[in-house]
Each structure stands twice: as structure tokens, then as C-alpha cells.
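Structural description and commentary
Residues per chain, in single letters:
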Amino acid sequence: MIQVNLSNMRSFVPENYEANLAQQLHTAHNHLQNHDGAGSDFTGWVRLPADYDKEEFARIKAAAKKIQSDSEALVVIGIGGSYLGARGVIECLCSANYNLKKKSTPNIYFAGNGLSSDQLSEIVELLDGKDFSINVISKSGTTTEPAVAFRFFRRLLEEKYGREEAARRIYATTDRARGALKTQADAAGYETFVVPDDVGGRYSVLTAVGLLPIAVAGVDIDALMAGAQSMMESCAQPELAANPAWQYAAARYALYCAGKKIEILAAYEPNFRFMCEWWKQLYGESEGKENKGLFPASVEFTADLHSMGQYIQQGERHLFETVVRLGASATKNVVPMEENNGDGLNFLAGKDMDFIRQQAMDGTLLAHVEGGVPNIIVQCDKCDAAQLGQLIYFFEYACGMSGYLLDVNPFDQPGVEAYKKNMFALLGKPGYEDLRAELLSKLQ
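Residues numbered from 1 in each chain as written. Predicted model: local features only at pLDDT ≥ 70, side-chain atom pairs only at ≥ 80, totals over all residues. Heavy atoms only, no water.

1. Some words on the environment of Tyr-17
- Among the structural elements, Tyr-17 can be located in helix H1 (residues 17–20).
- You can call Tyr-17 buried: its relative accessible area is 4%.
- For the pair formed by Tyr-17 and Ala-250, sequence separation is 233 residues and the distance between their alpha carbons is 8.1 Å.
- Contact partners of Tyr-17, with chain neighbours within four places excluded, come to Leu-6, Met-9, Arg-10, Ala-250, Ala-251 and Ala-254.
- At 3.5 Å, the side chain of Tyr-17 and the side chain of Glu-18 are in polar contact. (Helix = DSSP H or I, 4+ residues; strand = E, 2+ residues; numbered from the N terminus. Buried < 20%, exposed > 50% of the residue type's maximum accessible area, 1.4 Å probe, protein only. Contact = heavy atoms within 4.5 Å. Polar contact = N/O pair within 3.5 Å; in protein donor to acceptor, adjacent residues only side chain to side chain.)

Shown next, in the form of C-alpha cells:
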């Protein structure tokens with residue numbers, strides 16, 4: 001089970017911060033458990049690991065097996081919460097080099113998460129001569145980036161197989177009953193999966209949104225959900241000592257109140273990079289409102305110790321670190337002895353990479369804490385599907401708690417709409433003519 005170590009942050013906050021926050025923690029917890037806080041219409045994820053749709057779950061596994069049998073590649077089209085969680089899990093459990101590995105599962109290409117013509121063309125080139133399928137993920141079907149990408153890849157699929165066979169290779173994860181993509185899917189006969197009405201995009205990795213591509217990559221989604229359920233049961237406990245999400249939420253809120261405005265998520269594993277990206281969206285969109293909230297950033301240690309390490313050690317003291325420790329590696333590599341010891345590293349001979357990494361972790365932690373950087377450690381036993389399911393739910397629950405501690409709605413994102421309105425106006429979307437004229441005058 002995941003454990004939270006707070007020993008290296010306590011000297012930076014009031015000694016009795018947990019007792020002082022007890023009532024606020026209970027209130028935030030009750031809002032999540034009773035679905036009666038701000039944004040409560042989007043708290044379906046709280047019980048999801050136990051109450052998910054078992055029939056759809058079986059269809060997800062069947063669809064994944066079909067894709068594995070008839071496709072060399074799967075194009076996953078989505079943006080934000082529609083792809084970050086899936087990519088994070090796949091890379092964490094299967095490697096950031098997943099597509100380059102020898103394997104029995106299809107390559108997975110993520111598209112529709114930006115507006116780069118070169119990136120789109122590159123994926124098209126990588127698909128040349130390969131059998132492929134598409135998983136398009138959008139609740140509305142009208143979000144610009146994935147909708148544009150879907151036009152390109154749907155046409156490519158139809159040109160390769162014809163419309164009838166192409167339709168059998170398109171899987172749409174969208175609204176249960178309405179929206180442009182749902183209408184299109186029903187008309188064309190795509191198999192559909194549901195983006196639940198009561199689960200927002202950034203909390204949706206444990207729904208069909210994330211589970212289909214994760215299953216296609218060969219990850220055990222039964223274990224993923226079982227791990228999430230075990231953490232759900234821990235997070236349902238209304239007491240600090242038994243609830244790791246309470247511990248994390250309380251610690252980061254206390255540090256925020258003490259003047260720490262930036263949280264850096266770190267891991268000593270390159271494959272964790274997109275889990276960090278998922279975490280940044282989760283916390284950034286949930287907390288960043290009303291001029292409040294920690295700014296979520298991430299680093300990859302030890303690589304970033306040679307770039308960002310100087311700032312972390314001696315820059316402005318407005319940040320703290322949360323370090324995810326993933327447990328022992330799946331492989332062991334022992335440093336060999338060299339006769340001439342030209343690099344001076346024979347003192348490491350016979351030691352394995354996990355041991356060296358552990359000393360780097362501990363040495364970095366001590367240096368940063370002594371330099372004025374508080375440190376929270378999230379300790380995992382190992383890196384497998386069950387443990388990652390725990391970690392996902394842990395971060396989700398603590399995020400909901402954190403939003404309520406800040407007295408903001410953790411489940412909306414009104415600020416995201418501002419750039420969309422301007423983009424639509426500048427692109428000439430009907431109905432935005434007046435705004436377009438105003439913006440063009442500002443750009444002159």
C-alpha cells in the first residue's frame with residue numbers, strides 16, 4: 001500500500017497544522033463521500049473503482065483483443081484528460097520506448113493533442129503499410145484538436161479499407177446519448193464506449209477513456225482497477241492516520257499557507273514522465289482558480305539535477321518537492337569491475353543500479369531539505385498495474401480534498417474557455433464575428 005512520508009516537511013510548517021486542519025479535512029472528505037460539495041455532479045469517480053460498468057469493462061477487453069489481433073497500430077485521438085492518463089500508464093508500465101520494443105501488442109500513437117502539422121504528418125508516415133485502428137475520445141466531438149485529427153485519420157482509414165471496414169476499426173469513446181461524435185458513431189456504426197456524465201476528463205483515466213488504449217498495450221486492467229479499489233477503501237477512512245490522501249492534501253495545503261507556491265513532482269524513473277504530465281493537469285485545472293492554488297511542475301531525476309538542480313537547491317524559496325518512489329526495478333544491473341579504473345568508479349563495482357539510485361535519492365533529499373526545500377515522499381512498493389491503480393486514485397482523491405481546502409470548485413475549468421473563444425473568433429467560426437473584429441484590432 002502507498003505510504004506518505006512527511007518527516008522532511010514538518011519543520012517548515014506549524015507543529016500543530018494537522019490538528020488545526022482537522023475540521024476542514026473532515027468537511028472536504030464528507031463533500032467527496034456524500035457528493036454534496038461544489039462540482040458534486042462530477043464526483044462519480046469517487047466510487048468508480050467498485051461501481052464501474054462491468055458489462056462495458058468486458059467489452060473494453062474484447063475490443064482490445066480485437067485490435068491486438070487485426071492491427072499493428074492504434075491511433076488514440078484525444079487531448080488533455082482524454083489521453084494523458086492512458087499515455088502515463090502505458091509508458092510507466094510498458095516503457096517510454098513502448099513503440100520501439102519487440103512485443104505482441106500494437107504500437108500506440110497519440111494524436112489530436114495539439115495543432116502541429118509536422119506531428120500529424122509523422123504519424124501518417126509511421127502508419128504507412130500497417131494495419132491500424134482508431135480510438136477517438138471526445139465527449140462532445142467538437143473539441144478542435146481531436147476533431148481535426150479525426151478527420152485526417154478517418155479519411156486515411158477509409159481510403160485504406162473502404163468505409164464499411166473502416167467503421168469496424170473505429171472505436172469512439174464519447175457521451176452516452178448525445179453530441180456530434182455520438183451522432184456520427186451511431187450513423188456510421190462505430191463501436192462506442194462511454195465518457196460518464198459524472199466524471200470529468202482529468203479524473204477519467206479509470207473509465208473507458210483510459211482503459212481501452214491501456215488494455216491494447218497489454219496492461220492488466222483488472223489489476224489496475226483492483227489497486228484503485230483498495231486505495232478507494234483507504235481513502236474512505238475519515239481519519240488522518242489511516243488515510244494517505246488526507247495526509248498528502250493536508251501537508252501540501254499547510255506548505256501553501258506557509259508561502260510555498262510551487263509543487264514539483266519528481267521521480268527517479270524516466271518512464272514516469274507522462275504520469276507527471278497527467279498529475280499536472282489534474283492539479284492545475286482543479287486548483288488554479290480565483291487567484292489561488294499551487295503551481296504544479298515536474299522534473300525527471302537524476303537528469304534534471306544537472307539542469308534544474310541548481311535552482312531547486314539555491315533559487316527562490318517558494319517551492320517544495322513531492323517525490324514518488326516506485327520501489328525496486330524489474331531488472332538488476334550490477335556495475336562491473338574495470339582493471340585500470342580509468343573513470344575512478346571501481347568503488348561502485350558489485351553494486352546494482354537500484355542501490356546507486358537509492359543513494360542518489362537520499363543524498364538529494366538531504367541536500368534539498370537543508371537548502372530550504374520541504375520534501376514529501378510518496379512511497380510505492382513496486383511499479384505494477386495494481387500499485388499504479390492505487391497511485392492514480394490516491395492523487396485523484398487528494399486533489400478533490402485539496403480543492404475543497406482552498407474553497408474552490410475542484411471539478412470545473414472556466415478559465416480554459418477564454419482561449420477557445422479567442423481561437424474560434426480568429427479562425428472565423430460563425431457567431432464570433434464581433435469578437436473577431438475586436439481581437440484583430442488588438443493584434444495590429
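2. Looking at the nonpolar core
- Grouped together as the largest cluster of nonpolar side chains are 99 residues, with contacts concentrated most on Phe-272, Leu-391, Phe-395 and Tyr-397.
- For this core, the element with the highest residue contribution is helix H16 (residues 385–405), accounting for 13 residues.
- Non-local contacts of Leu-391, meaning those with residues more than four positions away in its chain, are made with Ile-2, Phe-272, Val-324, Val-378 and Cys-380.
- Among the nonpolar cores identified, the runner-up in size contains 23 residues, and Leu-127, Ala-149, Phe-150 and Ala-166 belong to it. (Core = buried A, V, L, I, M, F, W, Y, C linked by side-chain atoms within 4.5 Å.)

3. Let's talk about unusual backbone geometry
- A cis geometry characterises the amide bond from Phe-301 onward to Thr-302, with omega recorded as 10 degrees.
- One non-glycine residue, Ser-95, lies in the positive phi region at around 105 degrees.
- Relative to the helices and strands, Ser-95 resides in the loop between helix H5 (84–94) and strand E3 (107–111).
- Owing to a relative accessible area of 12%, Ser-95 belongs among the buried residues under this scheme.

4. Re the environment of Leu-426
- Mapped onto the elements, Leu-426 comes out in helix H17 (residues 416–427).
- Considering only alpha carbons, one finds Leu-426 and Glu-438, 12 residues apart in sequence, at a separation of 9.9 Å.
- Ignoring anything within four residues of it in the chain, the contact list for Leu-426 reads Arg-436, Leu-439, Leu-440 and Leu-443.

5. Digging into helix H7 (residues 144–161)
- Taking 1.5 Å of rise per residue, the 18 residues of H7 would be expected to cover 26 Å, and the 26 Å separating its terminal C-alpha atoms lies within 8% of that figure.
- Taken together, the buried positions of H7 are Thr-144, Glu-145, Pro-146, Ala-149, Phe-150, Phe-153, Arg-154, Leu-157 and Tyr-161.
- Looking one or two residues past H7, Gly-162 carries a phi angle of roughly 85 degrees, positive in sign. (Expected span 1.5 Å × (residues − 1).)

6. Concerning the packing of helix H11 (residues 221–235) against H16
- Relative orientation of the contacting elements H11 and H16 amounts to 40 degrees, with a least axis distance of 6 Å. Judged by the inter-axis angle, H11 sits oblique to H16. When you trace H11 past H16, the crossing you get is right-handed. Side by side, H11 and H16 meet where Ala-223, Leu-224, Gly-227, Ala-228, Ser-230, Met-231, Met-232 and Cys-235 of the first sit next to Ala-385, Ala-386, Leu-388, Gly-389, Gln-390, Tyr-393, Phe-394 and Tyr-397 of the second.
- Considering only residue class, the contact of H11 with H16 consists of 12 nonpolar, 4 polar and no charged. (Axes fitted to C-alpha atoms, helices over the stretch in contact; angles between N-to-C directions. Parallel < 35°, antiparallel > 145°, perpendicular 65-115°, else oblique. Left-handed = near helix turned anticlockwise from the far one by under 90°. Nonpolar A, V, L, I, M, F, W, Y, C, P; charged D, E, K, R; others polar.)

7. Side note on a negative patch on the surface
- Residues Asp-118, Glu-122, Glu-125 and Asp-128 make up a contiguous surface patch of negative charge.
- Inspection of the secondary structure puts Glu-122 in helix H6 (residues 117–126). (Patch = residues over 30% accessible without salt bridge, like charges linked within 9 Å, V, L, I, M, F, W, Y side chains within 5 Å. Areas by Shrake-Rupley, 256 points an atom, 1.4 Å probe, with all protein chains shown as cover. Salt bridge = Lys/Arg side-chain N within 4 Å of Asp/Glu carboxyl O. Lys, Arg positive; Asp, Glu negative; His and termini not counted. Charge placed at Lys NZ, Arg CZ, Asp CG, Glu CD.)

8. What to know about the pairing of strand E8 (residues 295–300)
- Pairing of strand E7 (residues 262–267) with E8 involves 6 bridges; the strand directions are parallel. Considered in E8, the bridge of Ile-262 is made with Phe-295.
- The β-α-β motif built from E7, the intervening helix H13 (residues 273–287) and the parallel element E8 has right-handed crossover chirality. (Pairing = 2+ DSSP bridges. Right-handed = clockwise from strand over helix to strand, strands pointing away.)

9. Brief notes about the pattern of salt bridges
- Inspection of every chain in the model, using the stated rule, returns 28 salt bridges.
- Between Arg-10 and Glu-18 there is a salt bridge, with its nearest N and O atoms 3.2 Å apart.
- With relative accessibility at 37%, the residue Arg-10 sits in the partly exposed group.
- A residue is classified by how much of its surface remains accessible, and Glu-18, at 22% relative accessible area, is partly exposed.

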